[in-house]
Amino acid sequence: MTFIFLDICHQLSAKYAENGAIYFYEYCLGNGVATSFDRYGYKQFTKYATLSYDTRCEPYL
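A brief look at the structure comes next. Since the model is a prediction, treat every value here as computed from it, not as a measurement.

## Considering the side chain of Ser13
Along the chain, Ser13 turns up in strand S1 (residues 10-16). Polar contacts involving the side chain of Ser13 include one to the side chain of Glu26, which spans 2.7 Å. Non-local contacts of Ser13, meaning those with residues more than four positions away in its chain, are made with Phe24, Tyr25 and Glu26.

Here you go:
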């Protein structure tokens, strides 16, 4: 039996605000599921994260 490991969790985008204190991230979690969240402040806190469907996160077979 052969197993193929696909790296399904990967970064889609990373942007930062002009002041450099806020960063916006998007990641694929696999099977069409994406997460996005903001990091802000000196210690880069995360206030909330969202899960959504994204075609960029569909498996390629």
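## Some remarks on the state of the cysteines
Within this structure, the stated rule accounts for one disulfide. In this model Cys28 forms its disulfide with Cys57; the gap between the sulfur atoms is 2.0 Å. Handedness here is read from the sign of the S-S torsion; for Cys28 and Cys57, about -85°, the answer is left-handed. Here the residue Cys28 occupies a position in strand S2 (residues 22-30), and Cys57 occupies one in the segment after strand S4 (45-53), the gap between them amounting to 29 residues.

## Quick word on the environment of Leu12
Within the secondary structure, Leu12 sits in strand S1. Between the C-alpha atom of Leu12 and that of Glu26, which follows or precedes it by 14 residues, the distance is 5.2 Å.

The rules behind these values
- Within every chain, residues take consecutive numbers counted from 1 along the sequence as written.
- Totals for whole chains, interfaces and linings use every residue, but because this is a predicted model, local features are given only for residues with pLDDT of at least 70 and side-chain atom pairs only at 80 or more, for both listing and counting.
- Side-chain numbers come from the whole structure's heavy atoms, not from hydrogens or water.
- Helix numbering and strand numbering both begin at the N terminus, where a helix is a DSSP run of H or I of at least 4 residues and a strand a DSSP run of E of at least 2.
- Any pair of N or O atoms that falls within 3.5 Å is considered a polar contact. Within protein, one atom must be able to donate a hydrogen and the other to accept it, and sequence-neighbouring residues count only if both atoms are side-chain atoms.
- Here a residue-residue contact requires only that any non-hydrogen atoms of the pair lie within 4.5 Å.
- The disulfide definition used here is simple: a pair of cysteine sulfur atoms within 2.5 Å.

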